[in-house]
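Structural overview
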Amino acid sequence: MIGIVIPTYNEKENIFKLSKKLLKLYPNSTIFIVDDTKNYNLKKYFIKKKKINYIFRRNKKGRGSAVIDGFKKALKNSKIKVFVEMDADFSHKPEELKKNLNTFKINKLDLLVSSRYLKNSKIYNWSIQRRIFSLLANFLARILLNVGVTDYTNGYRIYSKKALNIVVSKCGNIGDGFIVLSEILLQLKMNNLKISDTPSIFVNRKRGESSVNFKLIIQSLFGLIKLYLIKNKFLA
């Protein structure tokens, strides 16, 4: 069984369509929606759906902690052997998951990252500013952390149960938002788990609003420096 964790914030336009599509494509899956939206609670729409767990957190606490809370919930289901993380805005194509799951299984991986920066990867509908920020952030992460992947900030990933146990026990201490994605990579690398990446088609959202802002960018940059210091201390 597959567990799919989806952090959401103001994604009412997308989450119903995405969950329906995922269950159609992957009927042997259970979905965990972690919602930080304070303006509405969608629990009544999901309460009768056995394959969807809706976790309402009322106020925005950040993508990183939302994912970790979803992982904790998913780990309680002993039938789930493989865990997926993805965004709610359809920037991560659900159709890619079948190929990625096969790659994950064949190579006996603990973490597979869908990368926007491999040879056959593509990015659609991003502004110049967003492209520049992402390229710089990933360049800096590769220099400072050197985990061995090409994309440190894409949240479309597949995890083993071994990897997830490390994530929920050791991650979430640097900051929130997208820095948790880099923190996870570093922690799994320091624990000698098998990590790889695979090409991905990234399509910028058509509905809803992006959660990326200047404050989050600055926090992520400071977070990378903290992770670099942790890595150096570990290697010392």
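As a starting point, this report considers the structure included with it. A quick note: this is a predicted structure, and the numbers were derived from the prediction, not measured.

It is at 10 Å that the axes of helix 3 (residues 63–75) and helix 6 (residues 161–170) come closest, and there the two elements cross at 130°. One finds that helix 3 runs oblique with respect to helix 6. Viewed along their axes, helix 3 and helix 6 form a crossing whose handedness is left-handed. When helix 3 is examined against helix 6, the residues Ile68, Phe71, Lys72 and Leu75 are found in contact with a partner set consisting of Lys161, Leu164, Asn165, Val167 and Val168. The class makeup of the residues in the contact of helix 3 with helix 6 is 6 nonpolar, 1 polar and 2 charged.

The next point concerns the packing of aromatic side chains. Here a ring pair, both rings aromatic, is described through the centre-centre distance and the interplanar angle of the planes. Under the criterion given, the structure shown has 6 aromatic pairs. Seen from their ring centres, Phe16 and Tyr45 are 5.6 Å apart, and the 80° between their planes marks the pair as edge-to-face. Of this pair, Phe16 sits in helix 1 (residues 12–25) while Tyr45 sits in helix 2 (residues 43–46), and the two are 29 residues apart along the sequence. Judged by its relative accessible area of 41%, Tyr45 is partly exposed.

Pairing is mixed in the open sheet, where 7 strands are placed in the order 3-2-1-4-7-5-8. In this open sheet, the two edge strands, each paired with only one partner strand, are strand 3 (52–56) and strand 8 (195–199). Direction aside, the axes of adjacent strands within the sheet are offset by 20° on average. Sheet strands in contact with helix 1 are strand 1 (2–8), strand 2 (29–35) and strand 3, and its direction is about 165° off that of strand 2.

Residue pairs three or four apart in sequence face the same way in an α-helix, which turns once every 3.6 residues. For helix 1, spanning 14 residues, the distance from its first C-alpha to its last is 21 Å, which sits close to the expected 20 Å at 1.5 Å a residue. Restricting attention to buried positions, one finds in helix 1 the residues Asn14, Ile15, Leu18, Ser19 and Leu22. Projected onto a plane normal to the axis of helix 1, the buried residues spread over an arc of 120° and lie on a single side. For helix 1, the exposed residues set more than 90 degrees away from the buried face come down to Lys20 and Lys24. Where helix 1 is buried, its residues touch strand 1, strand 2, helix 2 and strand 3.

Reading the values: rules and limits
Residues numbered from 1 in each chain as written. Predicted model: local features only at pLDDT ≥ 70, side-chain atom pairs only at ≥ 80, totals over all residues. Heavy atoms only, no water. Axes fitted to C-alpha atoms, helices over the stretch in contact; angles between N-to-C directions. Helix = DSSP H or I, 4+ residues; strand = E, 2+ residues; numbered from the N terminus. Parallel < 35°, antiparallel > 145°, perpendicular 65-115°, else oblique. Left-handed = near helix turned anticlockwise from the far one by under 90°. Contact = heavy atoms within 4.5 Å. Nonpolar A, V, L, I, M, F, W, Y, C, P; charged D, E, K, R; others polar. Phe/Tyr/Trp six-rings, centres within 6.5 Å; stacked < 30°, edge-to-face > 60°. Buried < 20%, exposed > 50% of the residue type's maximum accessible area, 1.4 Å probe, protein only. Pairing = 2+ DSSP bridges. Expected span 1.5 Å × (residues − 1). Arc of directions from axis to C-beta.

All quantities given are derived from atomic positions and should not be read as evidence of function.
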